[in-house]
Amino acid sequence: MTALDGSASRKEGPSIHVVRARKLLAGGAVGGLAASAICLIIFGIVGGYSGLISAALAAAMVLFFYGVGQYVMVLFADAGARTLLTVSMSSYTARVVILGLILVIYNRYREAWPALQPMAIFITTIAVVAGWLVVEVFVFSRLRIGVYDTEYVAPVGTESDQ
């Protein structure tokens, strides 16, 4: 076996962990975009232009924050278990806190933006987060992650070693 044969037998491309993280990103995005579309239609009809703008702003915020957070997970998909846990918890906490702070700041100064409808922003935010997470959990349940250890293979040695 030559060096060329060894390199040719290796699979090119991203690892299975990166592929799984990308599937979660794509699934979450599909769920978030579907919830966004539903909210845009509903608040566009019910609240007119003001409702449409409010729902669009909320949907864009949530999609941005969750997209960035999941992309961070794609970047760290091949990291060790402790690093991955730390990154995932930090990322999720940061996303929720920053999104919450933006909503609190808006609530405090909402008189400055009279065209925005607080109920449309609130409901759209909750709906898009729920849509993202529901589809992400659904995709996760279909990832075919092995549950069991690989088969035991005895070490190579002669019978006199035993």
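What you see is a predicted model, and the numbers here were worked out from it, not measured in a lab. (Residues numbered from 1 in each chain as written. Predicted model: local features only at pLDDT ≥ 70, side-chain atom pairs only at ≥ 80, totals over all residues. Heavy atoms only, no water.)

Thoughts on the overall build of the protein
And step 1. From N to C terminus, the protein includes four helices and zero strands.
And step 2. Each helix (α) and strand (β) of the protein, taken in turn from the N terminus, gives the series α-α-α-α.
And step 3. Sorting the 162 residues of the protein into buried and exposed places 28% on the buried side.
And step 4. The contacts in the protein between residues at least 6 apart in sequence include a share of 78% that link residues at least 24 apart.
And step 5. Working note: accessible area of the protein is about 11,400 Å², and carbon and sulfur atoms make up 69% of it. (Helix = DSSP H or I, 4+ residues; strand = E, 2+ residues; numbered from the N terminus. Buried < 20%, exposed > 50% of the residue type's maximum accessible area, 1.4 Å probe, protein only. Contact = heavy atoms within 4.5 Å. Areas by Shrake-Rupley, 256 points an atom, 1.4 Å probe, with all protein chains shown as cover.)

Quick notes on the layout of surface pockets
And step 1. Counted as a void, the largest pocket has a volume near 510 Å³.
And step 2. The greatest single-element share of the lining of the largest pocket, amounting to seven residues, is contributed by helix α2 (residues 16-75).
And step 3. Here the lining of the largest pocket is built from residues that sort into 13 nonpolar, four polar and three charged. (1 Å grid on protein atoms, 1.4 Å probe; cavity = no way out; pocket = protein on both sides within 12 Å on 5 of 7 lines; lining within 4 Å. Points joined across faces, edges and corners; volume = space filled by probe spheres on them. Nonpolar A, V, L, I, M, F, W, Y, C, P; charged D, E, K, R; others polar.)

Concerning the packing of aromatic side chains
And step 1. Across all of its chains, the model carries two aromatic pairs by this definition.
And step 2. Summarising the aromatic geometry, the rings of Tyr66 and Trp132 are spaced 5.8 Å apart at their centres and angled 50° between planes, so their arrangement reads as tilted. A residue pair is termed long-range when its members are at least 10 positions apart, and Tyr66 in helix α2 and Trp132 in helix α4 (residues 118-141) qualify at 66 residues. Accessibility classification places Tyr66 together with Trp132 in one group, the buried group.
And step 3. In this structure, Arg95 packs its charged tip against the face of Tyr66, placed 5.0 Å from the ring centre. (Phe/Tyr/Trp six-rings, centres within 6.5 Å; stacked < 30°, edge-to-face > 60°. Lys NZ or Arg CZ within 6 Å of the ring centre and 35° of its normal.)

Quick notes on the side chain of Gln70
And step 1. Within the fold, Gln70 resides in helix α2.
And step 2. Taking the relative accessible area as the measure of exposure, Gln70 reaches 7% and is therefore buried.
And step 3. Setting aside its immediate chain neighbours within four residues, Gln70 contacts Ala21, Leu24, Leu25, Arg95, Trp132 and Glu136.

Describing the nonpolar core
And step 1. Ala35, Ala59, Met61, Val62, Phe65, Tyr66, Leu99, Val128, Val129 and Trp132 form the largest nonpolar core, which has 10 residues in total.
And step 2. The greatest single-element share of this core, amounting to six residues, is contributed by α2.
And step 3. Beyond its immediate chain neighbours, meaning those up to four positions away, Tyr66 contacts Tyr92, Arg95, Val96, Val129, Trp132 and Leu133. (Core = buried A, V, L, I, M, F, W, Y, C linked by side-chain atoms within 4.5 Å.)

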